[in-house]
Structures are given as C-alpha cells and as structure tokens.
Amino acid sequence: MAFRRRNKSYPFFSQEFLIQNHADIVFSLVIFILIGLMFEGEVTLYQYGWRDWATILFYFFITIILHAVVQEYILDKVNRRLHLSKSKNTKFNESGQLCVFHLVSSVWSFYILITEGYLFHPSSLWENYPHVHLRFQVKFFYLTQLAYWLHALPELYFQKVRKEEIPRQLQYICLYLLHVSAAYLLNLSRVGLVLLCLQYLSEMGFHIARMFYFTDESHQKMFDVWAVCFVFTRMVTLTLMFLAVGFGLARAENQGLDWDLGNFNTVLIRMTVLLLVCLTQSWLLWKFIRFQLRRWREFRHEQASRKRAAAKQTPRPLKRDSLGHHENGVIKAENGASPRPKKIKAP
C-alpha cells in the first residue's frame, strides 16, 4: 500500500497546503483520538462478546494504514540510503515494522501492568479468577493485538513477500493469534499481559540486532545481548505459567467449567494451556539453537577464509641451493661470487 507522491511543497496553513495534505491531517487527528483511547478517564468494566469482531475489524483497517505510513515515511527512506539487496530489503522491512509494533506494545503493556498493580502483586495474576470484567485499556489492548496480527496476513500479499518466506512468517503470526486469543477468551488476560510484555521486549531486541546487521555485517555483538534476553524470557515464561496456572489456579476454590461465569478452571484446560506453552517455548528454543549454530558455522567459515587469504598474501621464502643462494634472480656462491658458467663442448 503506497501513498501519493508529492513533488511540490507549499507554505504551512496555505490553501494549497490544506488541499494537498487534507488526508494526512485528518489521519493525524484519528491517531490522536486512538492514542487518547489508550488512557481512560473513569473506571468502566467490560466483557468480551461477539460484538468485538466489529471493533477488531475497524482497528484492522487502521493498522493497515499505520503499516503503510511506517513503510513510506520511515523504512523506504532508510532503504534508499542503504541500497540493500532484494532479500535483505524484505527482511529489513519486516524487522522495521515489527520493531515499531513491539516497542509500542511492550511500553503499553508495561504501563497497564503498572497502573493495574499486577507487577507489584504477582498473586493477583491468578487470584479472584475468572477475570471476566476488564478495564477499557486492557480490553482495548487485546483487541488491537488481534487486529494487528490479523492484518499481518494480507500484508504478506501487499508487501510482495517471497514464497519461501511466507511459511516462516505464517508460523509466528498464527502462534501469536493463538496465544493472544487463548489468553483473552479463557480470561487469563493478566498472565497474558506479562507474557506478551516479556515476549515483545525479547523480539524487539532480535529485530533491532538484525537491522543493524543488515546495515553493517560486522555488527554481531547485539545478537549476543539478544541471546541472553531470549534465554531469560524463556525461563521467566515457563516459571510464571507453572506458578500461575499449575499451582495458583489449581488451588483455587472455584474448580469446574462454567460458560456463563467464564470459568475454565478445570484440570484438562489447565494441562492443555501448559502443554501449549511448553511446546511453543520448546519450538522457540529449537529455532534459537539452530540460529546460534548457523552463526557459529558462518563465523568459523569466515575465520578460515581470512586465514587462507592471509596465507596467499604472505611471500614464500626461496629455497637455498647447494651451491649458494639466490640474489636478484642470480645464483650466488657462499662467498658472494657468481659461479663460473660451465663450458659446453661442441660436438
């Protein structure tokens, strides 16, 4: 999706400026309104229902517009300066879009955790379950998350992603949709907020490191920093899930399945949730190990290439002759004199 190019600029607040930029002005007002919706003035509690699909569809279209704005006004300008190849250009755009989304989502989720008090009272993540009633900012956060990952599906077509890249991107898009939907529908929104905040911070580190790597392939240290954050995120995720779902909900008094009250605290559902999280974390660790092994092989190959290049540039010493040594292409004797040439008798 691309916006109309403007070849001429006009003074601010002139009639020509308003006519030319009226769409961007109105869109900016819409963005300010959406940002204002992230902060609620009075406490109002909401529940999820089938009408959420209308809200998700609205933010689905808003997200497509925001995607195009980031692409044209930020990423395209950077790409024109870097002159990347087509494959690197596609991955750079992917990382750039996800960096913006992960940054906004991690800051937003962290703000909710602070204002709701979940961060300082970990037991509130599973106490008083089911958490059916949601404040507006929590409900708005989950609806925008679903809208973003749904919009990522048509963006595969809009961005002209290569066929070999589509399965990889479909994997993490579907996983995000599955986990966000499960946390929202099973009334595990509090635990989901913490896990999404950690996951987005870890993924943002990876995509920042990848963008710096595309600008200069010598920038590899940021991948080491991301590796530490990745392992830490996996450990905290598994620990928190077993603490909240495996122990916290297992000791709750309201055991049983009740669709009307939104209670899904049964052994089968708890084990299914834990199994889903464990399988996802194992799959991410497997991909992480493969990525680190590929980096190690590339590093060893690069070191071997440098050694071979250095060996070719080093001049080889000339072999010493039994009669003396070579000097300027002429054989010299031990005393520095040239040996007498041997006379060849004519037949």
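Source: prediction; values computed, not measured. (Residues numbered from 1 in each chain as written. Predicted model: local features only at pLDDT ≥ 70, side-chain atom pairs only at ≥ 80, totals over all residues. Heavy atoms only, no water.)

## Regarding the UniProt feature "transmembrane region" (unreviewed entry) in the protein
Link 1 in the chain: When the UniProt feature table is mapped to this numbering, "transmembrane region" (unreviewed entry) covers residues 21–41, 53–75, 96–120, 225–247 and 267–286.
Link 2 in the chain: For the annotated span residues 53–75, helix accounts for 100% and strand for 0% of the residues, and the straight-line distance between the end C-alpha atoms is 31 Å.
Link 3 in the chain: End-to-end, the C-alpha atoms of residues 267–286 are 28 Å apart, and along that stretch the chain is 100% helix and 0% strand. (UniProt positions renumbered as here; feature names shortened; annotations may be inferred. Helix = DSSP H or I, 4+ residues; strand = E, 2+ residues; numbered from the N terminus.)

## Some points on the packing of aromatic side chains
Link 1 in the chain: Enumeration over the complete set of coordinates arrives at 29 aromatic pairs.
Link 2 in the chain: Look at Phe58 and Tyr59: their rings are 5.1 Å apart centre to centre, the planes differ by 70°, and that puts the pair in the edge-to-face class.
Link 3 in the chain: Measuring from centroid to centroid gives 5.6 Å for Phe136 and Phe140, while their planes differ by 15°, and the two rings are stacked. Linking Phe136 with Phe140, this pair stays in helix H5 (residues 136–158), spanning four residues, or about one helical turn.
Link 4 in the chain: Judged by its relative accessible area of 5%, Phe140 falls in the buried class.
Link 5 in the chain: One aromatic cluster is present, built from ring pairs that chain together Tyr46, Tyr48, Phe58, Tyr59, Trp108, Phe136, Phe140, Phe141, Tyr142 and Tyr184.
Link 6 in the chain: The lysine or arginine in question, Arg234, covers the ring of Phe230, its NZ or CZ lying 4.5 Å from the ring centre. (Phe/Tyr/Trp six-rings, centres within 6.5 Å; stacked < 30°, edge-to-face > 60°. Buried < 20%, exposed > 50% of the residue type's maximum accessible area, 1.4 Å probe, protein only. Lys NZ or Arg CZ within 6 Å of the ring centre and 35° of its normal.)

## Focus on the environment of Thr237
Link 1 in the chain: Mapped onto the secondary structure, Thr237 falls in helix H8 (residues 221–248).
Link 2 in the chain: Residue classification places Thr237 among the buried positions, given a relative accessible area of 5%.
Link 3 in the chain: When the C-alpha positions of Thr237 and Leu195 are compared, they lie 6.3 Å apart, and in sequence the two are 42 residues distant.
Link 4 in the chain: Once residues lying within four places of it in the same chain are set aside, the contact partners of Thr237 are Leu195, Val277 and Gln281. (Contact = heavy atoms within 4.5 Å.)

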